[in-house]
Amino acid sequence: MTDLTTPIANGAAGLTRPKISFEFFPPKTEEMDKTLWTSIERLAPLEPNFVSVTYGAGGSTRERTHATISRILKETSLLPAAHLTCVGSARGEIDEIVDRYHEVGVRHIVALRGDPPGGIGTPYYTHADGYQSSPELIAGIKKRHPDIEVSVSAYPEKHPESLDFKADVDILKAKVDAGATRAITQVFFDNDLYFRYLDRVRARGIDIPIVPGIMPMHNFKQARGFVTRAGTTVPQWLAEKFDGLDDDAETRKLVAATVAAGQVQKLAKRGVDTFHFYTMNRADLVFAISHLLGIRPTKPVKKAAA
Ligand code: FAD
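Remember, it's a predicted structure, so these values are computed and weren't measured experimentally. (Residues numbered from 1 in each chain as written. Predicted model: local features only at pLDDT ≥ 70, side-chain atom pairs only at ≥ 80, totals over all residues. Heavy atoms only, no water.)

Things to note about the overall build of the chain
Moving on, step 1. The helix and strand tally for the chain stands at 10 helices and 11 strands.
Moving on, step 2. For a compact globule of 306 residues, the expected C-alpha radius of gyration is about 19 Å, and the chain comes in at 19 Å, within 12% of that figure.
Moving on, step 3. Taken over the C-alpha atoms alone, the chain extends approximately 50 × 40 × 40 Å along its principal axes.
Moving on, step 4. Classification of the 306 residues of the chain by burial places 51% in the buried group.
Moving on, step 5. The contacts of the chain with a sequence gap of at least 6 include a subset with a gap of at least 24, amounting to 76%.
Moving on, step 6. Summed over all atoms, the accessible surface of the chain reaches about 14800 Å², with 54% contributed by carbon and sulfur. (Helix = DSSP H or I, 4+ residues; strand = E, 2+ residues; numbered from the N terminus. Rg over C-alpha atoms; globule rule 2.2 N^0.38 Å. Buried < 20%, exposed > 50% of the residue type's maximum accessible area, 1.4 Å probe, protein only. Contact = heavy atoms within 4.5 Å. Areas by Shrake-Rupley, 256 points an atom, 1.4 Å probe, with all protein chains shown as cover.)

Notes on the side chain of Ser-151
Moving on, step 1. Its place among the elements puts Ser-151 in strand β7 (residues 149–154).
Moving on, step 2. Judged by relative accessible area, which is 0%, Ser-151 ranks as buried.
Moving on, step 3. Separated by 2.7 Å, the side chains of Ser-151 and His-108 make a polar contact.
Moving on, step 4. The contacts of Ser-151, once residues within four sequence positions are left out, are His-108, Ile-109, Val-110, Ala-111, Arg-182 and Ile-184. (Polar contact = N/O pair within 3.5 Å; in protein donor to acceptor, adjacent residues only side chain to side chain.)

A short note on the pairing of strand β5 (residues 80–85)
In summary, the side chains of a regular strand alternate between the two faces of the sheet.
Moving on, step 1. Across the six residues of β5, six count as buried, placing the element largely inside the fold.
Moving on, step 2. Here β5 shows a buried face lined by Pro-80, Ala-82 and Leu-84 and a second buried face lined by Ala-81, His-83 and Thr-85.
Moving on, step 3. Looking at chain direction, strand β4 (residues 50–53) and β5 are connected through three bridges and run parallel. Across the sheet, residue Val-53 finds its bridge partner in β5, namely Ala-82.
Moving on, step 4. For the handedness criterion, the β-α-β arrangement of β4, helix α2 (residues 62–75) and β5 is classed as right-handed.
Moving on, step 5. When β5 meets strand β6 (residues 108–112), the two strands line up parallel, connected through four bridges. Note that in β6 the partner of Leu-84 across the bridge is Ala-111.
Moving on, step 6. Handedness of the β5-helix α3 (residues 91–104)-β6 crossover: right-handed. (Pairing = 2+ DSSP bridges. Right-handed = clockwise from strand over helix to strand, strands pointing away.)

Some thoughts on helix α6 (residues 191–203)
Moving on, step 1. The end-to-end C-alpha distance of α6 is 19 Å, a good match for the 18 Å that 13 residues give at a rise of 1.5 Å each.
Moving on, step 2. Burial in α6 covers these residues: Asn-191, Leu-193, Tyr-194, Phe-195, Tyr-197, Leu-198 and Val-201.
Moving on, step 3. Those residues of α6 hidden inside the fold are in contact with β7, α5 (165–178), β8 (182–185), β9 (210–211) and α9 (249–269).
Moving on, step 4. The N-cap of α6, judged by a side-chain oxygen 2.9 Å from the amide nitrogen of Asp-192 a few residues on, is Asp-190. (Expected span 1.5 Å × (residues − 1).)

Looking at the sheet that holds strand β3 (residues 19–24)
For sheets, the rule is that strands pair by backbone hydrogen bonds, running either parallel or antiparallel.
Moving on, step 1. Strand order across the open sheet formed by nine strands is β9-β8-β7-β6-β5-β4-β3-β11-β10, with parallel pairing between neighbours. Taken across any chain shown, the strands that pair with only one partner, and hence form the sheet edges, are β9 and β10 (213–214).
Moving on, step 2. Taken strand by strand, α3 contacts β5 and β6, and its axis lies near 175 degrees from that of β5. (Axes fitted to C-alpha atoms, helices over the stretch in contact; angles between N-to-C directions.)

Remarks on the packing of α5 against α6
Moving on, step 1. Packing of α5 against α6 leaves a shortest axis separation of 10 Å and a crossing angle of 60 degrees. Relative to α6, α5 is oriented so that their crossing is right-handed. Judged by residue contacts, Phe-165, Asp-168, Val-169 and Leu-172 of α5 engage Tyr-197, Arg-200 and Val-201 from α6.
Moving on, step 2. Residue composition of the contact of α5 with α6, by class: five nonpolar, no polar and two charged. (Left-handed = near helix turned anticlockwise from the far one by under 90°. Nonpolar A, V, L, I, M, F, W, Y, C, P; charged D, E, K, R; others polar.)

Digging into the site of the ligand
Moving on, step 1. Around the ligand there are 21 residues in total, and Tyr-55, Ser-134, Ser-153, Tyr-155 and Ser-162 lie nearest to it.
Moving on, step 2. Asp-115 places a side-chain nitrogen or oxygen 2.6 Å from an oxygen atom of the ligand.
Moving on, step 3. Protein chains shield 80% of the accessible area of the ligand, which is 970 Å² for the free molecule.
Moving on, step 4. Every element with two or more residues in the shell around the ligand is listed here: β5 and α5.
Moving on, step 5. Counting residues per element, the shell around the ligand draws most heavily on α5, at three residues.
Moving on, step 6. Taken together, the residues of the shell around the ligand break down into seven nonpolar, nine polar and five charged. (Near = heavy atom within 4 Å.)

Observations concerning helix α1 (residues 30–43)
Moving on, step 1. Taking 1.5 Å of rise per residue, the 14 residues of α1 would be expected to cover 20 Å, and the 20 Å separating its terminal C-alpha atoms lies within 8% of that figure.
Moving on, step 2. The complete set of buried residues in α1 reads Leu-36, Trp-37, Ser-39, Ile-40, Arg-42 and Leu-43.
Moving on, step 3. Check the buried side of α1 and you find it contacts β3, α2 and α10 (284–292).

A few points about the side chain of Arg-17
Moving on, step 1. Within the element layout of this structure, Arg-17 appears in strand β2 (residues 16–17).
Moving on, step 2. Summary of buried charges: Arg-17 has no salt-bridge partner, and the nearest side chain of opposite charge, Glu-47, is 5.3 Å away.
Moving on, step 3. There is a polar contact of 2.9 Å between the side chain of Arg-17 and the backbone oxygen of Leu-46.
Moving on, step 4. A polar side-chain atom of Arg-17 sits 3.5 Å from the main-chain carbonyl oxygen of Glu-47. (Lys, Arg positive; Asp, Glu negative; His and termini not counted. Salt bridge = Lys/Arg side-chain N within 4 Å of Asp/Glu carboxyl O.)

So this is what it looks like as structure tokens:
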């Protein structure tokens, strides 16, 4: 899997170290804001490639996503990537958002179609004056601002709306042809699904990095419902690991970190050297997993609260 990325030297141990990126969501309340910024502070010294901030379904977090991205740019040396979906919006609105990002210095967008307006599982329809698909959105972004790097989604188990894997990979190919240079996968728990998908993608002539999206499931019950709706299979063995821990958050945390660390270490053994972590705005598990991957902070970090 050497075509995924080129390993870089780890100053601390002199070994090659994987590249990582972190995904956050825009906070709703002051308390959530504090949690997010404590997490960013703790994870920043791990020098991620970039940190991304999600965009609420149908643009519901438009201003909060923008505010979070702007603050990252102002107060940290991290490279932010703004998620953007085109569903439910007119072309002009989306163009305005992209221009605003460009103006404040954002040079990386995670461009997405978005879920159907009625929610996952309901029929998808587009805005009459909107971008009609993610490839159209990507082309629109690249046309306005060729210096914006565009990442996109990829689905190792295929997107729930895809007829079959061929249709799914065709969409990814269209996204690459429109200008996407990186894909980040939906969460998966069985590494073989990722490698099979990678084979399909490479066979279709797609050569961009397909970065595995890793989610430590510290809140298993809640996350299980969410990822299942998005088309991810939650294996029985994983459910069994969290069995009986509904009221034991501490143990759940340890189990979640152990499971995710096992998954990334197995991926790394098979040559994967780039990982995207769905942090859920928490630093502790992702920090520990990164540590197990050999990643060390570049400067002293605050000790985590006991
Ligand atoms: P696409 O990859 O464009 O398409 C997905 C599927 O839709 C295709 O495989 C195909 O089956 C069907 N389809 C699309 N266009 C066509 C066409 N022209 N003809 C036929 N079939 C078509 N959601 C958010 O709301 N906010 C976020 O911030 C966000 N971030 C995400 C980040 C990642 C890494 C991932 C994996 C997903 C994210 N999502 C986010 C979820 C995403 O919006 C949903 O999965 C959505 O349903 C599909 O958007 P997409 O860009 O992945 O779709």
